[in-house]
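Working through the structure, step by step
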Amino acid sequence: LRLLYLHPDHFPTPLLDLAASEPRLLPYFDLPFQHASRAVLSLMGRRGSSDSYLELVGRIRGRLPQAALRSTFLVGFPGESDEDFGALAEFQKAASLDWLGVFAYSREEGTRAYDLPGRVPASVAEERKRLLEQAQLPITEARLEAHVGRELEVLVEEEVHGEDRPLALARSYLQAPEVDGLMVVKGRPGSRGELRPGARLRVRVERRAGVDLEACLAAPL
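Residues numbered from 1 in each chain as written. Predicted model: local features only at pLDDT ≥ 70, side-chain atom pairs only at ≥ 80, totals over all residues. Heavy atoms only, no water.

1. Describing the pairing of strand S2 (residues 68–75)
Heads up, the condition is: Partly exposed residues are those whose accessible area sits between 20% and 50% of the maximum for their type, while under 20% is buried and over 50% is exposed, using a 1.4 Å probe and protein chains only. A run of DSSP states H or I qualifies as a helix once it reaches four residues; a run of E qualifies as a strand once it reaches two. Both are numbered from the N-terminal end. Pairs of strands are assigned from DSSP output, requiring at least two bridges between the strands. Here the term right-handed applies to a crossover when the path leading from its first strand over the helix to its second strand runs clockwise, the strands being oriented away from the viewer.
Across the eight residues that make up S2, a large majority, eight, are buried. With burial as the criterion, each face of S2 is covered, one bearing Ala68, Arg70, Thr72 and Leu74 and the other bearing Leu69, Ser71, Phe73 and Val75. Sheet topology places strand S1 (residues 28–30) next to S2; three bridges connect them, and they run parallel. Bridge assignment links Asp30 to a residue of S2, and that residue is Arg70. With six bridges connecting them, S2 and strand S3 (residues 99–104) associate as parallel partners. Looking at S3, one finds that Ser71 is bridged to Leu100. Following the backbone out of S2, through helix H4 (residues 82–95) and into the adjacent parallel S3, one traces a crossover that is right-handed.

See below:
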């Protein structure tokens with residue numbers, strides 16, 4: 001079980017003890033912070049702040065040091081100033097999240113934000129999105145590098161044909177479907193069937209390749 005879209009203002013702390021004791025519950029937490037400026041968060045109807053969200057990140061990693069954290073940020077919300085964006089960028093550095101998706105605000109009829117004053121030009125919102133995505137890449141790469149040399153359990157999704165050995169695309173606990181990177185697993189030369197889709201394997205991470213990890217087979221589960 002991988003928990004997605006947990007509201008950071010209502011995070012159930014007992015969940016951390018459960019994740020530590022229950023192997024079926026993966027130490028992966030998707031927390032859509034959306035922003036870190038108290039002013040913007042208030043306009044969004046949220047109670048959080050940069051300090052409270054950093055405290056939550058610290059609480060999770062203090063209890064589960066191996067936890068993978070994903071979030072989403074929304075830039076260009078009505079009323080977002082340069083100072084508000086700066087606060088979000090500082091939060092991004094301090095939180096050092098494993099994975100991040102950034103979205104530019106767009107108006108939607110029927111929402112409370114539709115008529116809010118202080119609309120941010122689309123070009124400004126897109127540039128802010130670009131800057132955060134650019135800043136996130138080295139953060140994600142550094143978080144992934146920390147797993148090189150580790151042994152992890154993976155779930156094979158697809159077998160592919162390598163030049164001299166079978167290969168598979170798989171996911172470990174720190175990689176959610178579709179939104180995160182993958183684990184590329186190298187099978188043994190001449191082996192057949194060990195990388196079949198649905199197989200659970202133990203692998204040793206050998207290197208990072210962009211936002212993916214490459215691994216070889218380790219001891220059987």
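2. Let's talk about the layout of surface pockets
Keep this limit in mind: Two kinds of site are reported from a 1 Å grid over the protein atoms alone, namely cavities, where a 1.4 Å probe fits but cannot get out, and pockets, open sets with protein on both sides within 12 Å along at least five of seven lines, and residues are called lining when an atom falls within 4 Å of a point. Grid points are joined across faces, edges and corners, and a volume is the space filled by probe spheres set on the points. The classification used treats Ala, Val, Leu, Ile, Met, Phe, Trp, Tyr, Cys and Pro as nonpolar, Asp, Glu, Lys and Arg as charged, and all other residues, Gly among them, as polar.
One number sums up the size of the largest pocket: a volume of about 590 Å³. As for the largest pocket, its lining consists of 23 residues, of which Pro23, Leu26, Pro27, Glu153 and Tyr173 are closest to the centre. Listing elements by their share of the lining of the largest pocket, those giving two or more residues are helix H1 (14–21), strand S4 (151–161) and strand S7 (200–209). For the second largest pocket, the full set of lining residues is Leu43, Met44, Arg46, Leu74, Phe77, Tyr105, Ser106, Glu108, Thr111, Arg112, Ala113 and Leu116. Grouping the constituent residues of the lining of the second largest pocket by class yields seven nonpolar, two polar and three charged.

3. Thoughts on the side chain of Asp84
Our working definition: It only takes one pair of heavy atoms within 4.5 Å for two residues to be counted as in contact.
Checked against the element boundaries, Asp84 lands in helix H4. Ignoring sequence-local partners within four residues, the contact set of Asp84 consists of His35, Ser37, Ala39, Val40 and Gly79.

4. Concerning the nonpolar core
Generally speaking, a soluble globular protein has its nonpolar side chains buried in company with each other. Definition in use: Residues belong to one nonpolar core when they are buried, are Ala, Val, Leu, Ile, Met, Phe, Trp, Tyr or Cys, and are joined through side-chain atoms within 4.5 Å.
Membership of the largest hydrophobic core comes to 35 residues, with the highest contact counts inside it found for Phe11, Phe29, Leu31, Phe33, Ile60 and Phe73. For this core, the secondary-structure elements that each account for two or more residues are H1, helix H2 (38–43), helix H3 (50–63), S2, H4 and S3. The biggest single contributor to this core is H4, with five residues. If we skip the residues at most four places from it in the chain, Phe29 touches Leu3, Leu6, Phe11, Leu15, Leu16, Ala19, Ile60, Leu64, Ala67, Ala68, Leu69 and Arg70. Residues Leu152, Leu201, Val205 and Leu217 belong to the second largest nonpolar core, which totals 22 residues.

5. Brief notes about the sheet that holds S4
So the rule is basically this: Whenever a helix is involved, its axis is fitted only over the stretch in contact; in every case the axis is a line through C-alpha atoms, and angles between N-to-C directions fall within 0 to 180 degrees.
Spatial ordering of the closed barrel is given by S4-S5-S6-S8-S7, a layout of five strands whose pairing is mixed. Averaged over all pairs of adjacent strands, the angle between their axes in this sheet comes to 50°, without regard to strand direction. Where S4 lies against S7, five bridges are found, and the strand directions are antiparallel. Along S7, the bridge assignment pairs Val154 with Leu201.

Everything listed here is a matter of coordinates, which is why it stays silent on function.
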